[in-house]
Amino acid sequence: KTYLLASICVLTGVTGSNTLAGSQFFNEDNGRTVLHAARCLARITSDSAQSVYWSYVAHRAELVELTLDSPETLAVARLVCLTRIVGRNGLQKLQDAWDMICDIDRVSLTECLLADGIDTPAFTFVFLPLYFANAKANSKITLSDALQCLVNVLRKLEYANCFAMTDATTVHVNIESL
C-alpha cells in the first residue's frame, strides 16, 4: 500500500520542474485512470491477479467505448492501456493501425497480449508503453509500423524457442532501444 501511494505521489510530480501550475501528467483523464487502477489493486487480496488485471483493462476499454466481444478486442483493449489512450479518437487511430496488419500477425499479437505469464507462458516487453509513445511521437513511423515491428520481434523470440531455455513462465524482453 505504501509503495502504491508513493508511486501515485511521484506521478503527480512528473514534469513538475516545467510548471508550478499543476501536474502536466496527472490531468483529469490520467487521474481517473490511476484512481481506477488503485481501486482494482485494492481487490488483490480477495480476487485473482487475472481478475483484477482484466477488470482494469475492461474499464479502460469502456472509457474509450470499445466493446469487448472477442479475444482480439481484448488484445486491442490491452493496447489501449499500453499506448496510453484515454479517448475515442485515440482508439480509432489504434483500431486503424490494428486493421492494417495482416490476419496472421493479429492472431500472433492477440495470443501474445492475452498470455498472462501465470497459466500461459508470456513475454514481458520492458518499456513497451514507451516504445509506443516514441512511435506515436515520430512523424516517420506509424502505429501500424510499430505493431508490425513488435510482431517481427515476437517471431524471432518464438523462433529462438525462449521458453524451452527456462522454467519460468515469463521471459523479459527489453525493447528500450527499438
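An account of the accompanying structure is given in this report. Values in this document were obtained by computation on a predicted structure and should not be read as measured data.

Section: the overall build of the chain
Alright, step 1. A count of helical and extended segments in the chain gives eight helices and two strands.
Alright, step 2. Ordered by position from the N terminus, the helices and strands of the chain form the series α-α-α-α-α-α-β-α-α-β.
Alright, step 3. Counting all 178 residues of the chain, 34% fall into the buried class.
Alright, step 4. Taking the intrachain contacts of the chain between residues at least 6 apart in sequence as the baseline, contacts between residues at least 24 apart amount to 57%.
Alright, step 5. Accessible area for the chain stands at about 10,700 Å²; split by element, carbon and sulfur atoms hold 58% of it.

Points about the packing of aromatic side chains
Alright, step 1. Applying the stated criterion across every chain yields a total of four aromatic pairs.
Alright, step 2. Taken together, a centroid distance of 6.2 Å and an interplanar angle of 40° make the contact between phenylalanine 123 and phenylalanine 125 tilted.
Alright, step 3. Three or more aromatic residues joined by ring pairs make a cluster, and in this case those are Phe123, Phe125 and Phe163.

Notes on the pairing of strand S2 (residues 170–174)
For a regular strand, side-chain orientation follows a simple rule: the groups alternate between the two sheet faces.
Alright, step 1. Going residue by residue along S2, you find Val171 and Val173 tucked away on one face and Thr170, His172 and Asn174 left uncovered on the opposite face.
Alright, step 2. Relative to S2, strand S1 (residues 122–126) runs parallel, the two sharing five bridges. From the neighbouring strand, phenylalanine 123 faces S2, where its bridge partner is valine 171.

A word on the side chain of arginine 78
Alright, step 1. Note that arginine 78 resides in helix H4 (residues 71–82).
Alright, step 2. Look at arginine 78: it is buried, it has no salt bridge, and the nearest opposite charge is aspartate 116 at 9.5 Å.
Alright, step 3. Polar side-chain contacts of arginine 78 include one of 2.7 Å to the side chain of tyrosine 53.

Here's the deal with the environment of glutamine 95
Alright, step 1. Assignment of secondary structure puts glutamine 95 in helix H5 (residues 88–100).
Alright, step 2. Using a relative accessible area of 22% as the deciding quantity, one classes glutamine 95 as partly exposed.
Alright, step 3. Distance from glutamine 95 to serine 144, taken between C-alpha atoms, is 9.5 Å for residues 49 residues apart in sequence.
Alright, step 4. With residues up to four places along the chain from it excluded, the contact list for glutamine 95 reads Leu66 and Val76.

A few points about the environment of alanine 146
Alright, step 1. Here alanine 146 lies in helix H8 (residues 143–159).
Alright, step 2. By relative accessible area, alanine 146 is classed as buried at 3%.
Alright, step 3. In sequence terms alanine 146 and tyrosine 131 are 15 residues apart; their C-alpha atoms lie 8.0 Å from each other.
Alright, step 4. With residues up to four places along the chain from it excluded, the contact list for alanine 146 reads Tyr131, Phe132, Ala135 and Ile141.

Describing helix H7 (residues 128–137)
Alright, step 1. All of the buried residues in H7 are Leu128, Tyr131, Phe132 and Ala135. Angularly, the buried residues of H7 cover 95° about the axis, an arc narrow enough to put them on a single face.

Quick look at the nonpolar core
Among soluble globular proteins, nonpolar side chains are generally buried collectively.
Alright, step 1. Ranked by size, the top nonpolar core spans 41 residues in total, and within it Phe125 and Phe132 carry the most contacts.
Alright, step 2. Among the elements of the structure, helix H3 (49–63), H4, H5, helix H6 (103–114), S1, H7, H8 and S2 are those that each provide at least two residues to this core.
Alright, step 3. Top contributing element to this core by residue count: H8, with eight residues.

Reading guide: rules and limits
- Each chain has its residues counted from 1, running along the sequence as written.
- Per-residue local features are limited, in this predicted model, to residues with pLDDT of at least 70; the limit for side-chain atom pairs, both in listing and counting, is 80 or more; totals at the level of whole chains, interfaces and linings are taken over all residues.
- Heavy atoms from the whole structure form the basis of all side-chain values; hydrogens and water molecules are not counted.
- In this text, helices come from DSSP runs of H or I with a minimum length of four residues, and strands from runs of E with a minimum of two, each type numbered from the N-terminal end.
- The cut-offs for exposure are 20% and 50% of the maximum accessible area for each residue type, with area from a 1.4 Å probe on protein chains only; residues under the lower value are buried, those over the upper are exposed, and the others partly exposed.
- Throughout, a residue-residue contact means that at least one pair of heavy atoms, one from each residue, lies within 4.5 Å.
- For accessible areas, the Shrake-Rupley method is used with a probe of radius 1.4 Å. Any residue's cover is judged against the shown protein chains and nothing else.
- Classification of ring pairs rests on two measures: the distance between centres of Phe, Tyr or Trp rings, Trp counted by its six-membered ring, which must be within 6.5 Å, and the angle between planes, read as stacked under 30 degrees, edge-to-face over 60 and tilted in between.
- We call two strands paired when DSSP finds no fewer than two bridges between them.
- Working convention for charge: Lys and Arg count positive, Asp and Glu count negative, and His plus the chain ends are omitted.
- Salt bridges are defined by distance alone: a side-chain nitrogen of Lys or Arg within 4 Å of a carboxyl oxygen of Asp or Glu.
- Identification of polar contacts relies on pairs of N or O atoms within 3.5 Å, with a donor-acceptor requirement for protein atoms, meaning one able to donate a hydrogen and the other able to accept it, and with residues adjacent in sequence counted only if both atoms are side-chain atoms.
- The arc in question is the one spanned by the directions pointing from the helix axis to the C-beta atoms.
- Note on terminology: a nonpolar core comprises buried Ala, Val, Leu, Ile, Met, Phe, Trp, Tyr and Cys residues joined through side-chain atoms within 4.5 Å.

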